[in-house]
Amino acid sequence: MFKVINIDDMKAENTNQDVEVEKVKCLIIGSGPAGYTAAIYAARANMSPVMYEGLQPGGQLTTTTEVENFPGYPEGVTGPVMMEDLKAQAVRFGTDIRWGLATKVDFSGPVHKVWIDETKVVESEVVILATGATAKYLGIDDEKKYAGSGVSACATCDGFFYRGKDVAVVGGGDTAAEEAIYLAGLVNKVYLIVRRNELRASKVMQDRVLKTKNIEVLWEHQTKALTGDGVVEGAILWKKKGTSEEEEVSIKIDGFFLAIGHKPNSDFVKDFIDTDEVGYIKTIPGTAKTNVAGVFACGDVQDSQYRQAVTAAGSGCMAAIDAERYLSEKHS
Ligand code: NDP
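Here is a short report on the structure shown in this document. (Residues numbered from 1 in each chain as written. Predicted model: local features only at pLDDT ≥ 70, side-chain atom pairs only at ≥ 80, totals over all residues. Heavy atoms only, no water.)

## Some details on unusual backbone geometry
Part 1 of the argument: Phi angles above zero are rare outside glycine, and N46 is one such case at about 60°.
Part 2 of the argument: Following the sequence through the fold, N46 ends up in the loop between α2 (33-44) and β2 (49-52).
Part 3 of the argument: Within the chain, E220 stands out as a residue other than glycine whose phi angle is a positive 55°.
Part 4 of the argument: When you line up the elements, E220 lands in the loop between β13 (215-218) and β14 (221-227).
Part 5 of the argument: What makes E220 partly exposed here is its relative accessible area of 28%. (Helix = DSSP H or I, 4+ residues; strand = E, 2+ residues; numbered from the N terminus. Buried < 20%, exposed > 50% of the residue type's maximum accessible area, 1.4 Å probe, protein only.)

Below you can see the structure in the form of structure tokens.
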């Protein structure tokens, strides 16, 4: 076993005498499909992984209902059950899974330091970052009220349930355009709710949106409220809010899709790890390696393109294999 805990020795080195220090071989931060898959591979490779689950154990999938596009579940599975399955598999091979939030890191030395809840420092030879991304929401109360009952932030995950129905997509960027076009192939009608009088999306995506017959763009509209008895049945919108022409508009919809961007959960590592301008961690193409040796990234925190459970799981596998090879070379 490689896990060594020597709290007393380490405390002496630390300026804050109250902070507990623990040494581990492999630390995984985040518990979505990427983190659990990394844990399964790392545990089976005798790396004794320790995982901190973060604020939302199980990740974004725990907020979805039915998952029908993850291979291996021919009848579909709910998001929370799938994450429990992945967790059980990681635990079966010995992953040490703990509650706790990584708040700060120091990746300047050969041993990587991660602060957990500001009360403990974990020192690890390798760190796998699997902290995911958080979909942005408008911030209106009805988004919470109808979460999982008509409100979704992932058309690819949930669009199928609205076949033949009318839905709305909020946003004017490439994600909104892509999701509106995807949904238009499944549903009866898509309202694209755009707050300005132009789209931010690339020209080619704009053209596709405007050419798709069953997409109606509602220019200069913002969402005031959602309506419905237990599930979304409609939305009340402001047209030209804040102008002399302001008016309220009601639409009948069964699904309300947010596509106003995602925020990768990378703020706590940004002093050491290279990210793009949005905050997605940059990995060396074809690997899970970051700019810091021994620190790897997988899942949505490094993926602005696919953001699927199965691609996250695949990249979690890559991260564990890259980490294992890094340790083998280091100790050879
Ligand atoms: P963006 O930040 O590009 O766009 C967000 C959109 O949501 C904007 O139209 C913005 O409006 C709107 N918005 C933001 N907040 C609100 C709000 N509170 N109320 C109403 N509307 C709001 O995010 P995306 O996720 O679309 O794209 C992120 C990045 O990923 C981009 O660089 C994009 O090009 C890229 N991407 C590329 C794809 C591809 O190449 N296939 C596919 C998807 C994304 P406003 O314009 O007024 O600010």
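On we go from here.
## A look at the sheet that holds β13
Part 1 of the argument: Across the sheet, which stays open at both edges, the 5 strands sit in the order β10-β17-β11-β12-β13 with parallel pairing between neighbours. Both outer strands of the open sheet, β10 (151-152) and β13, are each paired with one neighbouring strand and no more. (Pairing = 2+ DSSP bridges.)

## Details of the side chain of D142
Part 1 of the argument: On the secondary structure map, D142 appears in helix α4 (residues 141-145).
Part 2 of the argument: Buried within the structure, D142 lacks any salt-bridge partner; its nearest side chain of opposite charge belongs to K145, at an N-O separation of 4.6 Å. (Lys, Arg positive; Asp, Glu negative; His and termini not counted. Salt bridge = Lys/Arg side-chain N within 4 Å of Asp/Glu carboxyl O.)

## Some points on the packing of α2 against helix α3 (residues 79-92)
To describe two helices that pack against each other, one gives the angle between their axes and the distance between the axes.
Part 1 of the argument: One can describe the packing of α2 onto α3 by two numbers: an axis separation of 8 Å at closest approach and a directional angle of 25°. Comparing the axis directions of α2 and α3 gives the class roughly parallel. Judged by the sense of rotation from one axis to the other, the crossing of α2 with α3 is left-handed. In contact with P33, Y36, A39 and I40 of α2, α3 contributes M83, L86, K87, Q89 and A90.
Part 2 of the argument: For the contact of α2 with α3, the class distribution of residues is 7 nonpolar, 1 polar and 1 charged. (Axes fitted to C-alpha atoms, helices over the stretch in contact; angles between N-to-C directions. Parallel < 35°, antiparallel > 145°, perpendicular 65-115°, else oblique. Left-handed = near helix turned anticlockwise from the far one by under 90°. Contact = heavy atoms within 4.5 Å. Nonpolar A, V, L, I, M, F, W, Y, C, P; charged D, E, K, R; others polar.)

## What about the environment of C317?
Part 1 of the argument: Tracing the backbone shows C317 in helix α8 (residues 309-331).
Part 2 of the argument: With relative accessibility at 16%, the residue C317 sits in the buried group.
Part 3 of the argument: Measuring from C-alpha to C-alpha, the distance between C317 and A201 comes to 33 Å, with 116 residues separating the pair along the chain.
Part 4 of the argument: Contact partners of C317, with chain neighbours within four places excluded, come to T37, A38 and Y41.

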